[in-house]
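Each chain is listed here by its residues.
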Amino acid sequence: MTKLRVNGTDHSVPIDPDRSLLYVLREELRLTGTKYGCGEGECGACKVLVDGVAVRACQTPVGEAVGRSIVTIEGLAQGEHLHPVQQAFVEAGAFQCGFCTSGMIIAAVSLLARSSQPSVEEIRAAMDGNLCRCGGYLRIIDAVQRASRLSSGAGGAVP
Amino acid sequence: MTASPAVIPFDLLPPNERPYFDRFGNGLVVVLPPRQPDPSGWGAGGPPHGGAWIHVGEDGKARAFIGKVEVGQGTRTALSLLVAEELRLPLSSVELTMGDTDLCPWDMGTFGSRSMPDAGEHLRLTGAATRTFLTELAAVRLSAAPTEVELAEGTAKARDSGRSVRYGELVKGLRRVELVPSDAKPNPPSKWTRAGRPAQDVGAREVVTGNRRYTSDLHIPGMLHGKVLFPPSCGAKLRSVDLSRAQALPGVTAIHEGDLVAVAAPDLRMAFAALKALRAEWEATPQPSEKEIVEYLRHHPVEGEDFWDMVHHETGDVGAAFGSAPVSLRETYTTAYIAHAPMETRAVLASWEDGRLTVWLGTQTPFRAREAVSDALELSPSNVRIIVPPTGSGFGGKHTSDLAVAAARLAKAAGHPVRVVFSREEEFTQAYFRPMAVVDIRSAAEQDGTLTAWEFHVLNAGASAARLPYRVANQKIDNQPSDSPLSQASYRALAATANNFARESHLDEVAARVGADPVEYRLRHLADDRLATVLRTVAERAGWSPRPAPAASGSGRGIAVGLEKEGRVATFAEVRVPEDRHLEVVRIVTGFECGAIVHPTNLRSQVEGGTVMAMGGALFEAIHFENGRILNPSFSRYRVPRFRDIPPIEVILLDRPDLPSQGGGETPLIAVAPAIANAIYDATGKRLRSLPLTPDGTVP
Ligand code: FES
Ligand code: FES
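Residues numbered from 1 in each chain as written. Chains lettered and ligands numbered in written order. Predicted model: local features only at pLDDT ≥ 70, side-chain atom pairs only at ≥ 80, totals over all residues. Heavy atoms only, no water.

**So, the sheet that holds strand 24 (residues 567-576) of chain B**
Residue and element names in this part refer to chain B. Within the open sheet, the 4 strands sit side by side as 23-24-25-28. Their pairing is mixed. Pairing within the sheet leaves two strands with one partner each, and these edge strands are strand 23 (555-564) and strand 28 (649-654). Neighbour-to-neighbour, the strand axes of this sheet turn through a mean angle of 10°, independent of strand direction. On top of the sheet, helix 17 (residues 672-684) reaches strand 23, strand 24 and strand 25 (584-593); it is set at about 155° to strand 23, its chief contact. (Pairing = 2+ DSSP bridges. Helix = DSSP H or I, 4+ residues; strand = E, 2+ residues; numbered from the N terminus. Axes fitted to C-alpha atoms, helices over the stretch in contact; angles between N-to-C directions. Contact = heavy atoms within 4.5 Å.)

Encoded structure:
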């Protein structure tokens, strides 16, 4: 067994460095907010933050995540208080079926951490690896821009 | 709930014998029984279906029940708004249960854009009746005339005395069941205060926090993971299978029952290992490939069945009109097989308890699934419950029940609950596709452009949107199902996409031939005023100035209209095709009218999303296949629209509070492909007649 730090808590998981981080999160830790969409790195539904940067959990052997800080969609809100990106997705109505939403929010959090006021072009480029089959792209762009305003308005940086 | 054989689904009991109050506590229940379909409308001749019921409880909440399901199209919020509207309740006091076969009214399925016209109407009627009963109860309680009682925000108030009582208080100790009277009067849309206004999705918070549990997220103690063995190519038949190596793996159950070969294992990796350990021999028969498919479909007509809707329409004398026409044109248009590719692949969880089976299934047809599962396992329908958890979209792709049957059989054999979730590759290869369509059109016109004859024949797609919204004296329109080598069935705006693409492309070709402006030419022939209004609105917003196509300047514009499922749409597209022939869609403007708008926020989202989805099928989506094999069963090889593909999309919603509300999930897709094809023609002078238009991104 080895330790995996997810959403601020240490979890013991079997040592099997070949297992994908997605598999461990969903099947072993039952953190099902992170989704399986393709398993080949094409859809972004499985994105989580590893040391603050969005990675595709289906392409990440769990061994690579050991000793680092993993944040999943379940770890973004502070109790009842939604993360600004989550808040913005609610306000912008930026989902339909919602299945891509976790990955979208994680990708947006990662983007805003390195560029606090991204242009539409930057958002498109940074999030092109995330698919929304319901076609909600324009609202998602709107949500990311809102989030950028929400975070700067609140004076706080996006974690 | 503890499952026991005594449980009988509500739809199988008469309304007054259902245990409403044991399940939901004291209160008032108002029931709208299933409705006979309108003899001239959709579903005519079919069984009575739909209906609704509402329970108002001592907690002051309204619980409403309908057989339709939400698979991501936003109807849960829209329908809840209608209940809130009729009952004068805040949205948060309405709980809507959809498609649970133990509790909801029997329904044919969620397809054909029927949620608003059917379930919406049924909930309005039931809600209106509930409001009347609440008013009567309040009148007695407050010693006031019913006309003096006002309902607002869950409270009844007597106008003269000013006394008031909460709904929960009104129904305290009550166990009363009423049927909706025939004179129930829903609030007209022109007086709506809740419906028709922007509103937030009722499940927004659970979505953004990752707490919404889709079928593929469900887990119950002791649950196993199932995998089904599928043939290596379409049409291959199983000759023999040896289960022994799979069965030897720890904790693995393997079954071979009829056509089904499947395994269940304690974890997903073991399930894959067990699947690999099966030794199967298949017998493949040669299958037609993509390159000969048009000819194949032409030469393999079949009788229509199941999902086919048929059209045979003839007026005037087409033959004579062609004989004397100064202008005539004959062309063929095709659309490819495409995949639904919902973000959540097909998923099911089956669990037995005391001989009763519960199946959690991402499906658009829960009652059909109940039938399929009870038939296959020789159970009474009373002993099967289908629950539809939140579902990661359907698009017409989640109608079949095979996976539910497989999970139920596995769970029975293993003695444990079993979850089966398709891999992405299985989703691409083992689901079914949007049928390929071949449309032959022949048309004739006077020298001044007036259309005189129209012959329209569609192969391997249905009748939707095949009828002309234009005035033409002589018409012959029909469709012919074919024997498809790939499995095919329902799809969002299936035949309407093909038929509308063909018609609106062809109309543009005739307009170009006679030197007419495409907007003016359509308006000259349009037989539907509502559609003409939508077209004018879009043309104006797009800044359309009259001239014939093509400009052939490398920049182009195109327009197309569509009328289907009582919705009217017009789409404008602007494109650029530079020297390198790389197509760029620069801008889209879409106008849509579907009667009274119930939930504008969601309708706008459906129109935008539908436009994006339609762009995929218009520009690059296509299933490639050869001798029974699907060649591109992954997102890396089957391209769907991404952020970079999406231009600004302006959506204009035309509200008609004077008209019944219709669905908005399908019709907004149908004018996108022809608008883009027409714009490409305008930009380059090149007419593209096959979808996808630009599979490799360039205009040939
Ligand atoms: S599941 Fe990881 S990118 Fe699709
Ligand atoms: S909201 Fe359904 S896939 Fe994005």
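The structure having been displayed, the exposition proceeds.
**Side note on the sheet that holds strand 21 (residues 451-459) of chain B**
Residue and element names in this part refer to chain B. Judged by pairing direction, the sheet is mixed, and its 6 strands sit side by side in the order 14-22-21-20-15-29 without closing on themselves. Since the sheet does not close on itself, it has two edges, and those belong to strand 14 (312-315) and strand 29 (690-691), each with one partner. The pairing of strand 15 (residues 327-335) with strand 20 (residues 437-445) spans 9 bridges and is classified as antiparallel. By the bridge assignment, Glu 331 is partnered in strand 20 with Ile 441.

**Focus: the interface of chain A and chain B**
Contact residues are listed per partner, giving 49 residues for chain A and 58 residues for chain B. Together chain A and chain B conceal approximately 4500 Å² of surface at their shared face, both sides included; 54% is due to carbon and sulfur atoms. Considering only the side of chain A, the residues that lose the most area to chain B are Gln96(A), Arg133(A) and Arg139(A), jointly responsible for 19% of the buried surface there. Taken together, the connections running from chain A to chain B amount to 9 salt bridges. With a closest N to O distance of 3.1 Å, Arg419(B) and Glu27(A) form a salt bridge. One can count 32 residue pairs in polar contact (both at pLDDT 80 or more) joining chain A with chain B. (Buried area = accessible area lost by both parts, 1.4 Å probe. Salt bridge = Lys/Arg side-chain N within 4 Å of Asp/Glu carboxyl O. Polar contact = N/O pair within 3.5 Å; in protein donor to acceptor, adjacent residues only side chain to side chain.)

**Some points on the domain arrangement of chain A**
Residue and element names in this part refer to chain A. Its domain assignment divides chain A into domain 1 (2-75) and domain 2 (84-153). Centre-to-centre separation of domain 1 and domain 2, based on C-alpha positions: 21 Å. Listed as interface residues are 16 residues of domain 1 and, on the opposing side, 12 residues of domain 2. On the domain 1 side of the contact with domain 2, Lys 35, Lys 47 and Ile 73 bury the most area, a combined 45% of that side's loss. Inspection of the domain 1/domain 2 interface yields 0 salt bridges. The tally of links from domain 1 across to domain 2 stands at 6 residue pairs in polar contact (both at pLDDT 80 or more). Those elements giving two or more residues to the side of domain 1 that touches domain 2 turn out to be strand 3 (47-50) and strand 4 (53-56). Broken down by element, the side of domain 1 that touches domain 2 gets its largest block of residues, 3 residues, from strand 3. Residues of the side of domain 1 that touches domain 2, tallied by class, amount to 9 nonpolar, 4 polar and 3 charged. (Domains from an automatic or database assignment. Nonpolar A, V, L, I, M, F, W, Y, C, P; charged D, E, K, R; others polar.)

**Some remarks on the packing of aromatic side chains**
All names here are of chain B. Taken as a whole and judged by the stated rule, the model has 16 aromatic pairs over all chains. Summarising the aromatic geometry, the rings of Tyr 20 and Trp 53 are spaced 4.7 Å apart at their centres and angled 70° between planes, so their arrangement reads as edge-to-face. Here Trp 53 lies in strand 2 (residues 52-57) and Tyr 20 lies in helix 1 (residues 20-24), a separation of 33 residues in the sequence. The same class applies to Tyr 20 as to Trp 53, namely buried. (Phe/Tyr/Trp six-rings, centres within 6.5 Å; stacked < 30°, edge-to-face > 60°. Buried < 20%, exposed > 50% of the residue type's maximum accessible area, 1.4 Å probe, protein only.)

**Looking at the confidence of the model for chain A**
For chain A, per-residue confidence averages 93 on the pLDDT scale, and residues scoring 70 or more make up 96% of the total. Here residues 155-159 of chain A is modelled with pLDDT under 50, and outside its nearest four sequence neighbours on either side it reaches 9 contacts, counting other chains as well. (pLDDT = per-residue confidence, 0-100.)

**Notes on the domain arrangement of chain B**
Residue and element names in this part refer to chain B. For chain B, the domain assignment lists domain 1 (10-209), domain 2 (215-284 + 346-421) and domain 3 (300-338 + 433-691). The gap between the C-alpha centroids of domain 2 and domain 3 is 39 Å. Opposite the 7 residues of domain 2 that make contact, domain 3 presents 9 residues. Across the domain 2-domain 3 interface, the total number found is 0 salt bridges. Counting across the interface, domain 2 meets domain 3 through 3 residue pairs in polar contact (both at pLDDT 80 or more). When grouped by side-chain class, the residues that make up the side of domain 2 that touches domain 3 number 3 nonpolar, 4 polar and no charged.

**Comments concerning unusual backbone geometry**
Peptide bonds are trans in most cases, and residues, glycine excluded, mostly fall at negative phi. All names here are of chain B. In this structure, the amide linkage connecting Ala 549 to the following residue, Pro 550, adopts the cis form with an omega of 0°. Position of Pro 550 relative to the elements: it lies in the loop between helix 15 (529-542) and strand 23. The peptide bond linking Leu 691 to Pro 692 adopts the cis configuration, its omega dihedral lying at 0°. Among the structural elements, Pro 692 can be located in the segment after strand 29.

**Looking at the packing of helix 13 (residues 494-513) of chain B against helix 17 of chain B**
Residues and elements named next belong to chain B. In the contact formed by helix 13 and helix 17, the axes pass within 8 Å of each other and the chain directions differ by 30°. The angle between the axes of helix 13 and helix 17 places the two elements in the roughly parallel class. The handedness of the crossing between helix 13 and helix 17 is right-handed. Where helix 13 approaches helix 17, its residues Asn 500, Phe 501, Glu 504, Ser 505, Asp 508 and Ala 512 are matched on the opposing element by Ala 673, Pro 674, Ala 677, Asn 678 and Tyr 681. Residues belonging to the contact of helix 13 with helix 17 are distributed by class as follows: 6 nonpolar, 3 polar and 2 charged. (Parallel < 35°, antiparallel > 145°, perpendicular 65-115°, else oblique. Left-handed = near helix turned anticlockwise from the far one by under 90°.)

**A closer look at the pairing of strand 4 (residues 94-98) of chain B**
All names here are of chain B. Residues Val 94, Leu 96 and Met 98 line the buried face of strand 4, whereas the alternating positions Glu 95 and Thr 97 sit on a face that is not buried. Alignment of strand 3 (residues 62-66) against strand 4, held across 5 bridges, turns out to be parallel. Opposite Arg 63, over in strand 4, you have Glu 95 as the bridge partner. On the question of chirality, the crossover connecting strand 3 to the parallel strand 4 by way of helix 2 (residues 75-87) is right-handed. (Right-handed = clockwise from strand over helix to strand, strands pointing away.)

**Things to note about the pattern of salt bridges**
All names here are of chain B. Inspection of every chain in the model, using the stated rule, returns 63 salt bridges over all chains. The closest approach of N and O atoms between Arg 370 and Asp 11, which form a salt bridge, is 2.8 Å. Taken together, the residues span a long stretch of sequence, with Arg 370 in helix 10 (residues 366-376) and Asp 11 in the segment before helix 1 at a distance of 359 residues. Taken individually, Arg 370 and Asp 11 each receive the classification buried, so the pair is uniform in this respect. The residue Lys 68 makes a salt bridge to Asp 107 at a minimum N-O spacing of 3.2 Å.

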